[in-house]
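Letter by letter, the chains look like this.
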There are 2 protein chains.
Amino acid sequence: MATREAERFSETGDLLDRLRAVGAARYHDKHPFHLKMHAGVLTPAQLRGWVANRYYYQKSIPIKDAAILSNLPDRERRRVWIRRILDHDGTLEHGGGGIESWLALARAVGLDERDVMQESLLLPATRFAVDGYVTFARTQPWVVAVASSLTELFAPDLMSQRIDALVEKYPWIDERGLQYFRKRLQLAPRDAESALEWVRAFATTPELKDACVRALEFKCDVLWAMLDAILLAYGAGTTGPQES
Amino acid sequence: MATREAERFSETGDLLDRLRAVGAARYHDKHPFHLKMHAGVLTPAQLRGWVANRYYYQKSIPIKDAAILSNLPDRERRRVWIRRILDHDGTLEHGGGGIESWLALARAVGLDERDVMQESLLLPATRFAVDGYVTFARTQPWVVAVASSLTELFAPDLMSQRIDALVEKYPWIDERGLQYFRKRLQLAPRDAESALEWVRAFATTPELKDACVRALEFKCDVLWAMLDAILLAYGAGTTGPQES
């Protein structure tokens, strides 16, 4: 029994290592657009292009999470997961939520909230990537879909780096617009913790482990593809947008 | 303009009439099993069969509602709809919820909660009907899926009749088990009100109106088919279960 326990832990240790390796290789903190953002060289138009496109991702998160909620077979886990939706949508009683905070960021970088909500700046490639993520969440076994959320393991480092960069290097952005990122600093670790616990507990076969690793790669691809589209359309710093 | 307004109202009036007509013709308050329940002639085994089978419906409600939530495009409506899931699942902070109340009813009628949760008494036809309802919610346009929930328009009358019948005619049932129905007396009208408002506002074409009427018929069929299966398996009062 002790041996089996030990095996189990070495197996889950291995899965965690593999998940962390995906983040080290493919998480979008290493994307040129983010590197330029942190270096402080993005123009207001480039930052606005990012905020307006990323809005489509933000507004799709609760839809994605409701799809996963609907695939979670027991209410104990649904009680945990539903907090993600409330965090992003806000509530009838208190309003608020991540989508509202993202619109505050949009205003803070000088965008017209209506343009953002009408998605007039949304690039097709952003839409394809985000819609692909929602479809993945709808159609994959819940543990695999949950694994795709594990980019949250890597998010806090990126968030704090981003907050520092935006405050120091883009003083023209109203600081109240950064509330979304400050909030994610608290929420991402909480969310990642339960998601990781479920993945480790339920992805017990080699096939499911592989599927969870691939799910995280897929999610990194979603985030990376969005930044590729934004870089292509707006450029990053002195790198102008590419000719089409 | 006044004429168009008048037309609009006569159209929605017409849709409401059609929805009410579906309830009058097909809602399961008229099913022989319920008539016998209210007449006070069900045996404990028959009531237990109903409670154990209906559990599968109860536990599927938040899954169905999460599927609809995931199809609702705007957060204002999701903030309204998510309350249904919280009502049935309860919350991490406070527990509770409709599924828990239904398990309390199961105990109150003398069932072992574990048998109910393991679904050892679940009839295939109950499962087919309920799974069909969840699939409908996942795959139909949100306004049509919402229309299928409008049996809640007819629920309060049935609930108060049921509470009276269970209290008066089945004194062996622990009254604390009836909390689920008492709670639905408050929640069903609140839920039906917003659902009806959305259906009237968004089902504006003849095709969508027809689809909403059919959705409510479909939902009535789900509830009716469950009772057919239960009646066939357990009988109702002196009507014994039919030979297979």
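In short, a report on the structure.

1. Thoughts on the overall build of chain A
Then step 1. Summing up its helical and strand segments, chain A has eleven helices and zero strands in all.
Then step 2. Listing the helices and strands of chain A from first to last along the sequence gives α-α-α-α-α-α-α-α-α-α-α.
Then step 3. Relative to its length of 244 residues, chain A is compact, with a C-alpha radius of gyration of 19 Å against a globular reference of 18 Å.
Then step 4. Projected onto its principal axes, the C-alpha positions of chain A cover 60 × 40 × 35 Å.
Then step 5. Counting across all 244 residues of chain A, residues that qualify as buried make up 52%.

2. Concerning the side chain of Arg78 of chain A
Then step 1. Tracing the backbone shows Arg78 of chain A in helix H4 (residues 75–89).
Then step 2. Given a relative accessible area of 1%, Arg78 of chain A falls into the buried group.
Then step 3. Contacts of Arg78 of chain A, omitting those with residues within four sequence positions, involve Leu69, Leu72 and Pro73 of chain A together with Lys59, Pro62, Ile63, Asp89 and Ile99 of chain B.

3. Details of the nonpolar core
Then step 1. In terms of nonpolar packing, the biggest core is built from 158 residues, with Trp50 and Phe181 of chain A together with Trp50 and Phe181 of chain B touching the most fellow members.
Then step 2. What Phe181 of chain B contacts, discounting residues up to four positions off in sequence, is Trp50, Trp102, Leu105, Met159, Arg162, Ile163 and Leu166 of chain B.

4. Concerning the pattern of salt bridges
Then step 1. Per the counting criterion, the structure on display carries 41 salt bridges over all chains.
Then step 2. Ionic pairing is found between Glu175 of chain A and Arg182 of chain A, a salt bridge with its closest N-O pair at 2.6 Å.
Then step 3. Under the relative-accessibility criterion, Glu175 of chain A is labelled partly exposed at 44%.
Then step 4. According to the relative accessible area criterion, Arg182 of chain A is partly exposed, its value standing at 29%.
Then step 5. For Arg26 of chain B, the salt bridge is made with Asp221 of chain B, and the minimal N-O distance between the two is 3.0 Å. Pair noted here: Arg26 of chain B is in helix H1 (residues 2–26) and Asp221 of chain B is in helix H11 (residues 206–234), with a separation of 195 residues, a long-range link.
Then step 6. The exposure class assigned to Arg26 of chain B is partly exposed, which follows from its relative accessible area of 31%.

5. Points about the interface of chain A and chain B
Then step 1. With 27 residues of chain A at the contact, the number on the chain B side is 27 residues.
Then step 2. Together, the buried faces of chain A and chain B total about 2,200 Å²; carbon and sulfur atoms form 55% of this surface.
Then step 3. Here chain A is connected to chain B by six salt bridges.
Then step 4. The residue Asp89 of chain B makes a salt bridge to Arg78 of chain A at a minimum N-O spacing of 2.6 Å.
Then step 5. The interface formed by chain A and chain B includes 16 residue pairs in polar contact (both at pLDDT 80 or more).
Then step 6. Considering each element in turn, the side of chain A that touches chain B owes the most residues, nine residues, to H4 of chain A.
Then step 7. Of the residues belonging to the side of chain A that touches chain B, the class tally is 13 nonpolar, six polar and eight charged.

6. Regarding the relation of the copies chain A and chain B
Then step 1. Of the transformation placing chain A onto chain B, the axial shift is 0.0 Å and the rotation is 180°, giving an RMSD of 0.0 Å. Between the two chains, the operation in question is that of a two-fold axis. Relative to the rotation axis, the closest C-alpha in chain A is found at Ala66 of chain A, a distance of 2.7 Å.
Then step 2. Interface overlap between copies: 100% of the residues of chain A at the interface are likewise at the interface in chain B, consistent with a symmetric, same-surface contact.

7. Quick look at the packing of aromatic side chains
Then step 1. Evaluation of the coordinates by the stated rule reveals 22 aromatic pairs over all chains.
Then step 2. Summarising the aromatic geometry, the rings of Trp50 of chain A and Phe181 of chain A are spaced 6.3 Å apart at their centres and angled 15° between planes, so their arrangement reads as stacked. Within this pair, whereas Trp50 of chain A is found in helix H3 (residues 44–71), its partner Phe181 of chain A is found in helix H10 (residues 179–202), the two being separated by 131 residues in sequence. Comparing Trp50 of chain A with Phe181 of chain A shows no difference in burial state: the two are buried.
Then step 3. Note on Trp50 of chain B and Trp102 of chain B: the rings are 5.7 Å apart at their centroids and 70° apart in plane angle, and the pair reads as edge-to-face. Of this pair, Trp50 of chain B sits in helix H3 (residues 44–71) while Trp102 of chain B sits in helix H5 (residues 98–108); the two residues are 52 residues apart in sequence, bridging distant segments of the chain.
Then step 4. Looking at Trp50 of chain B, the relative accessible area reads 2%, which means it is buried.
Then step 5. Through a chain of ring-to-ring contacts, the aromatic side chains of Trp50, Trp102, Tyr180 and Phe181 of chain A assemble into a single cluster.
Then step 6. In this arrangement the basic side chain of Arg77 of chain A is found over the ring face of Trp198 of chain A, its NZ or CZ atom lying 5.5 Å from the centre.

8. A word on unusual backbone geometry
Then step 1. A positive phi angle, near 60°, is found at Glu119 of chain A, a position not held by glycine.
Then step 2. Residue class for Glu119 of chain A comes out buried when judged on its relative accessible area of 16%.

9. Let's talk about the environment of Gly235 of chain B
All names here are of chain B.
Then step 1. Relative to the assigned elements, Gly235 resides in the segment after H11.
Then step 2. For Gly235, a relative accessible area of 0% translates into the label buried.
Then step 3. Along the backbone, Gly235 and Gln46 are 189 residues apart, and their C-alpha atoms lie at a distance of 6.7 Å.

10. Regarding the packing of helix H7 (residues 124–139) of chain A against helix H11 (residues 206–234) of chain A
All names here are of chain A.
Then step 1. Interhelical geometry of H7 versus H11 gives an angle of 160° and a closest axis separation of 8 Å. As summarised for this structure, H7 and H11 are arranged roughly antiparallel, according to the angle between their axes. The handedness of the crossing between H7 and H11 comes out as left-handed. Counting all contacts with H7, which are made through Ala125, Thr126, Ala129, Val130, Gly132, Tyr133 and Phe136, the residues of H11 involved are Ala215, Phe218, Lys219, Val222, Ala225, Met226 and Ala229.

What counts, and at which threshold
Residues numbered from 1 in each chain as written. Chains lettered and ligands numbered in written order. Predicted model: local features only at pLDDT ≥ 70, side-chain atom pairs only at ≥ 80, totals over all residues. Heavy atoms only, no water. Helix = DSSP H or I, 4+ residues; strand = E, 2+ residues; numbered from the N terminus. Rg over C-alpha atoms; globule rule 2.2 N^0.38 Å. Buried < 20%, exposed > 50% of the residue type's maximum accessible area, 1.4 Å probe, protein only. Contact = heavy atoms within 4.5 Å. Core = buried A, V, L, I, M, F, W, Y, C linked by side-chain atoms within 4.5 Å. Salt bridge = Lys/Arg side-chain N within 4 Å of Asp/Glu carboxyl O. Buried area = accessible area lost by both parts, 1.4 Å probe. Polar contact = N/O pair within 3.5 Å; in protein donor to acceptor, adjacent residues only side chain to side chain. Nonpolar A, V, L, I, M, F, W, Y, C, P; charged D, E, K, R; others polar. Least-squares fit on C-alpha atoms with pLDDT ≥ 70 in both. Phe/Tyr/Trp six-rings, centres within 6.5 Å; stacked < 30°, edge-to-face > 60°. Lys NZ or Arg CZ within 6 Å of the ring centre and 35° of its normal. Axes fitted to C-alpha atoms, helices over the stretch in contact; angles between N-to-C directions. Parallel < 35°, antiparallel > 145°, perpendicular 65-115°, else oblique. Left-handed = near helix turned anticlockwise from the far one by under 90°.

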